[in-house]
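Spelled out from the first residue to the last, the chains are:
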Amino acid sequence: MQHYLRPDLLASAGIDDFDTWAATFGEVVPAVELSPDGTSFRSVSRFAKFANVPELLRMFHVPQT
């Protein structure tokens, strides 16, 4: 949503694409889950946690000019 609502803030922070945003504000967590056929387990990585939340919230709470 930030990309559509406040691209100026992202550009000023040097965040030009989703990969940069995800590396700055997200964390990939490895996990083990049951395979779809139910006979084995597999290792997966999921985008599951947020990082740098105070900085992200500051970007959301900047007043419109």
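Please read all numbers here as calculations on a predicted model, not as lab measurements. (Residues numbered from 1 in each chain as written. Predicted model: local features only at pLDDT ≥ 70, side-chain atom pairs only at ≥ 80, totals over all residues. Heavy atoms only, no water.)

Novice: In this structure, what is going on with unusual backbone geometry? I would like to understand it.
Specialist: Both trends apply: most residues other than glycine have a negative phi, and most peptide bonds are in trans. For Asn52, which is not a glycine, the phi torsion comes out positive at approximately 55°. Locating Asn52 in the fold gives a position in the loop between β2 (41–50) and α4 (53–60). Its relative accessible area of 39% is what places Asn52 among the partly exposed residues. (Helix = DSSP H or I, 4+ residues; strand = E, 2+ residues; numbered from the N terminus. Buried < 20%, exposed > 50% of the residue type's maximum accessible area, 1.4 Å probe, protein only.)

Novice: Whenever I open this one, helix α3 (residues 18–25) confuses me. Can you help?
Specialist: Helical periodicity: at 3.6 residues per turn, an α-helix aligns residues three or four positions apart in one direction. Those residues of α3 that sit buried are Trp21, Ala22 and Phe25. All buried residues of α3 lie within an arc of 95° about the axis, which places them on one face of the element. In α3, the exposed residues that point more than 90 degrees away from the buried face are Asp19 and Ala23. The secondary structure elements touched by the buried residues of α3 are α1 (2–5), α2 (7–12), β1 (26–34), β2 and α4. (Arc of directions from axis to C-beta. Contact = heavy atoms within 4.5 Å.)

Novice: Explanation requested: the packing of aromatic side chains in the structure shown.
Specialist: For any pair of aromatic rings, geometry is given as the distance between the ring centres together with the angle between the planes. According to the stated counting rule, one finds five aromatic pairs in the structure shown. Measuring from centroid to centroid gives 6.0 Å for Phe18 and Trp21, while their planes differ by 25°, and the two rings are stacked. Note that Phe18 and Trp21 are positioned in helix α3 at a spacing of three residues, about one turn of the helix. Classification of Phe18 by relative accessible area gives exposed; the value is 56%. Under the relative-accessibility criterion, Trp21 is labelled buried at 17%. Note on Trp21 and Phe47: the rings are 6.5 Å apart at their centroids and 35° apart in plane angle, and the pair reads as tilted. (Phe/Tyr/Trp six-rings, centres within 6.5 Å; stacked < 30°, edge-to-face > 60°.)

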